[in-house]
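Listed here are the chains, written in short residue letters.
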Amino acid sequence: MSDQPHEPERAIAGTGMGGTMDLGASEAATLEQPPGPDGGDPRDKPRSLWSDAWHDLRRNPVFLVSALVILFLVVISLWPSLITSGSPLTCDLARAQEGSQAGHPFGFNGQGCDVYTRTVYGARTSVAAGVLATLGVAVLGSVLGGLAGFFGGAGDAVLSRITDVFFAIPVVLGGLVLLSVITSNTVWPVIGFIVLLGWPQISRIARGAVITAKQNDYVQAARALGASNSRLLLRHITPNAVAPVIVVATIALGTYISLEATLSFLGVGLKPPSVSWGIDISAAAPYVRNAPHALLWPSGALAVTVLAFIMLGDAVRDALDPKLR
């Protein structure tokens, strides 16, 4: 019989090697709880996918650099007068093809327009076209693909065949055919064309994500408890199926900006006197030997913008894909 007094705060824990050890109650409780996946306190509240993604993004230099570039582009798109006081439509033929000089760091193009001012104002068209087209593509593709994946049946089969038809249409050739008959000189026909040919890709992604999500146990349990189809879609499936759509849409945004510039370069997108990087690149191409600066700056701005959105999409993909952790 042991002479040690009984202490209810203390407990006997096995050492795992046939022996025992005397621990305090709080120590024994801690020993019984397995450590968290990151070695932290197991009693800490687990973070969601979105909080984990934001935690990773804040520490990703690629995301930070691309986000800063995109933020700068958005700011100058909304308020170009912050960094330039000139007008993109003010030209002086006497200065045509002149190089950099005081007050005009990018020189002048073939029409005597200030390249710096036109490059700044060109960001507005490109960013607006890319963002609005991406929103339209994401909404239309997500709704159609999500509903087809959730309900299945004949509607799913019909949508699959329709998307096959749209995938068979060459994008640039389709733009040349469809936009050549439109006389409007605004960016809306270009946005509408991009949405028309861009939604099938998002639709396929959303359909696959919804089919995968609706097979999970928590969805089956909610269905067994009598949850309606709308509740299943909005509360249980959509939050867990939207991540792939966000990743693909973010990467595609840069592609849509490049597509708008391509269509404007070919003369079927925006047309003068509108300001667009594609228009400026097309106008400067014949004079590249005499005035390479007129081609370099809008081309460089377009390349940096597209690269920034692609880098942002890659960072978001790495953060939202648990298999890449």
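Residues numbered from 1 in each chain as written. Predicted model: local features only at pLDDT ≥ 70, side-chain atom pairs only at ≥ 80, totals over all residues. Heavy atoms only, no water.

Trainee: I keep staring at the side chain of Thr125 and nothing clicks. Help me out?
Mentor: Tracing the chain through its elements places Thr125 in helix α4 (residues 115-151). A distance of 2.8 Å separates a polar side-chain atom of Thr125 from the backbone oxygen of Val275. Among residues more than four places away in sequence, those in contact with Thr125 are Val187, Glu260, Leu270, Val275 and Ser276. (Helix = DSSP H or I, 4+ residues; strand = E, 2+ residues; numbered from the N terminus. Polar contact = N/O pair within 3.5 Å; in protein donor to acceptor, adjacent residues only side chain to side chain. Contact = heavy atoms within 4.5 Å.)

Trainee: Help me understand the packing of aromatic side chains in this model?
Mentor: The geometry of an aromatic ring pair is captured by the separation of the ring centres together with the interplanar angle, meaning the angle of the planes. Counted according to the given criterion, the structure contains 5 aromatic pairs. Arranged with centres 3.9 Å apart and planes meeting at 5 degrees, the rings of Phe106 and Trp297 form a pair that is stacked. Taken together, the residues Phe106 in the loop between α3 (61-78) and α4 and Trp297 in helix α11 (residues 292-320) connect sequence positions 191 residues apart. Ring centres 5.5 Å apart and planes at 65 degrees place the aromatic pair Phe166 and Trp199 in the edge-to-face group. Within this pair, whereas Phe166 is found in helix α5 (residues 153-167), its partner Trp199 is found in helix α7 (residues 188-213), the two being separated by 33 residues in sequence. Take Trp199: its relative accessible area is 6%, and that puts it in the buried class. In this structure an aromatic cluster arises from ring pairing among Phe106, Tyr116 and Trp297. (Phe/Tyr/Trp six-rings, centres within 6.5 Å; stacked < 30°, edge-to-face > 60°. Buried < 20%, exposed > 50% of the residue type's maximum accessible area, 1.4 Å probe, protein only.)

Trainee: Explain the nonpolar core here, please?
Mentor: Across soluble globular proteins, you tend to see nonpolar side chains buried next to one another. The biggest cluster of nonpolar side chains holds 28 residues, and the ones touching the most others in it are Leu179, Ile191, Phe193, Ile194, Ile202, Tyr256 and Leu263. By residue number, the principal contributor to this core is α7, which donates 9 residues. If we skip the residues at most four places from it in the chain, Leu263 touches Gly175, Leu179, Val190, Phe193, Val268 and Gly269. Counting residues in hydrophobic clusters, the runner-up holds 25 residues, among them Val247, Leu253, Phe309 and Val316. (Core = buried A, V, L, I, M, F, W, Y, C linked by side-chain atoms within 4.5 Å.)

Trainee: What is the right way to read the environment of Thr262 from this model?
Mentor: Note that Thr262 resides in helix α9 (residues 229-265). A sequence separation of 17 residues divides Thr262 from Ile279, and the C-alpha atoms of the two residues are 9.0 Å apart.

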